[in-house]
Amino acid sequence: MIDLKLVQKQPHILAGVLADRHCDIDVGEFLVLDKRRRALLAEVEAMKNRRNTASGQVAALKREGEDTTAMQAELGALAERIRALDMEAGQARADVEAWLMRVPNIPDGSVPKGKDETENVEVVRWGEIRVFDFSPAEHGDIGVRLGGFDFERASRLAGSRFVCLRGWAAKLERALVNFFLDQHAANGYIEINPPFIVNSAAMTGTGQLPKFEEDLFALRGREQYLIPTAEVPLTNLYAGEVLDGELLPRAFCSATPCFRAEAGAAGKDTRGIIRMHQFTKVEMVRFAHPEDSFNQLEIMRGHACRLLELLELPYRVVTLCAGDMGFSSAKTYDVEVWLPAQAVHREISSCSNCTDFQARRANIRFKPRGGKAVFLHTLNGSGLPTGRTIAAILENGQQKDGSVRLPKVLIPYMDGVEVIEPPKQP
RNA sequence: GGAGAGGUAGCGAAGCGGCCAUAACGCGCCCGACUCGAAAUCGGGUUGCCCCGGAGACGGGGCACGUGGGUUCGAAUCCCACCCUCUCCGCCA
């Protein structure tokens, strides 16, 4: 949620921002709603003031044994009017709130303008792109051929966009999770194993609700949802709390399954394991001092990139333009790994500084030394999803004989296995 | 799932229709005194949000006792629903 005062005092700035984001929210509508809210509030508060003082008088008179029935009758009528007006004022307040909850975060000044992914700006390119002396296969085909991906049985169990990882692939996923978590622990992240189901308050805190409910898997008959990313439980860990300012920045990581309805993704990325309803991801979340958060974003992006370097996977980093950024983010770097079969860079990590946007929604504050509690800044980044990492490993490590050479750094995690060989028997 | 107890300031906790919400009392924290310094002791201070006014230190008002309703002139206090925590029972990896 953006700052109410900013909208009130500088509506033109917000209007410009919303235009940059290609978002069709009308700021004028807010000004009308807010004006009405304030007028009703002033009116009902004046009435409540009268009621409060008069009720005190009733008490005083009763103590002296005086008759107060006439006064009570009069106040009863006032109470009726307060009830009605209070309802109206409450609705006006809810209208303003609802409007605010659908406004995205304000892009940082360093974010390039632009409408979609074609206008993102490349900032880093790393690694040598391998030249193949054969035509590189797609990861989905490699995974199936090597007996690691079973799409058919998964879809029989659950539907489309699910996969069963089998044998070496299941183990590779575990290896990656452990490798990632070990790296994060070395970088000072505290590992959390959170609930994979959260309530609507948590989803609202990070910005999935109220606007993006159709992207979530909801539990029938309950105000609960499957998490689309560990960002949700991690960022909401300290919801409603005031943290000690001396302890910032704080860093947390978590390996969880992620569940996404992928509504509106029909026909997109249908091959392989790039876009699944369920996938495993290690997530990084940082809580930072407002003046330090953009520096923290660089640090976190560095952590994501380092993982790819250790895995010997070529990548590039782009700064997302305003029109391509997520709802809660003020600045996002996408890290894109090289997939040789299609000769494209595909998003593998998204690192965002959400500034105080989520902190305000989830009410996460910190107390500076000797100061008042203020909203802190939240950041999140993938570090990394296992599925897309496996895809990159398979495509980049494939050999002419159909086998796949694993990155050296994973060999200890794979009990010494260096190469995935085609199965002798299916 | 059943029974009971409970949710009040940073923490513990009192209050159980108006005289108790800038919320008793205790702890913590901040300032000061004493001290070479510290501990101990003593004195003072210490909730948040919203609206109106003010350039501002501030002033006026409202709201908040888990959440949402209800009863009442008036609700932390009475009633209803829901959420959460603890204890016991049941079930269970």
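Residues numbered from 1 in each chain as written. Chains lettered and ligands numbered in written order. Predicted model: local features only at pLDDT ≥ 70, side-chain atom pairs only at ≥ 80, totals over all residues. Heavy atoms only, no water.

Caption draft 1: Representation of the sheet that holds strand β13 (residues 365-367) in the model. If you trace the three strands from one edge of the open sheet to the other, you get β7-β13-β14, paired in mixed fashion. Every interior strand has two partners, whereas the edge strands, β7 (242-244) and β14 (374-375), have only one. (Pairing = 2+ DSSP bridges. Helix = DSSP H or I, 4+ residues; strand = E, 2+ residues; numbered from the N terminus.)

Caption draft 2: Seen up close, the protein's contact with RNA strand B. Neighbouring residues of RNA strand B: 21 residues in total, closest R37, R38, E45, N49 and S55. The protein-proximal atoms of RNA strand B, defined as those within 4 Å of the protein, are 67% sugar or phosphate. Take E45: an N or O atom from its side chain is 3.0 Å from a base nitrogen of RNA strand B. Within the side chain of N52, an N or O atom sits 3.3 Å from a phosphate oxygen of RNA strand B. Looking at the surface near RNA strand B, the elements that each hand over two or more residues are α1 (4-9), α3 (27-63) and α4 (69-101). (Near = heavy atom within 4 Å. Polar contact = N/O pair within 3.5 Å; in protein donor to acceptor, adjacent residues only side chain to side chain.)

Caption draft 3: Representation of the environment of D116. In this fold, D116 is placed in the loop between α4 and β1 (121-126). Through-space distance from the C-alpha of D116 to that of A255 is 30 Å; in sequence the pair is 139 residues apart. Setting aside residues up to four positions removed in sequence, D116 forms contacts with C321 and D324. Polar contacts involving the side chain of D116 include one to the side chain of T118, which spans 2.4 Å. (Contact = heavy atoms within 4.5 Å.)

Caption draft 4: Quick peek at the sheet that holds strand β10 (residues 315-319). Read across the open sheet, the eight strands follow the order β1-β10-β11-β12-β15-β9-β8-β4; overall the sheet is mixed. Since the sheet does not close on itself, it has two edges, and those belong to β1 and β4 (190-191), each with one partner. Examined bridge by bridge, β10 and strand β11 (residues 331-339) share five bridges and lie antiparallel to one another. Counted as the bridge partner of V318 is D334 from β11. Contacting β4, β8 (250-259), β9 (278-288) and β15 (377-385), helix α7 (residues 168-186) crosses the sheet at an angle of about 5° to β9. Against the sheet, helix α10 (residues 293-310) engages β1, β9, β10, β11, β12 (344-353) and β15, with an angle of about 5° to β15. (Axes fitted to C-alpha atoms, helices over the stretch in contact; angles between N-to-C directions.)

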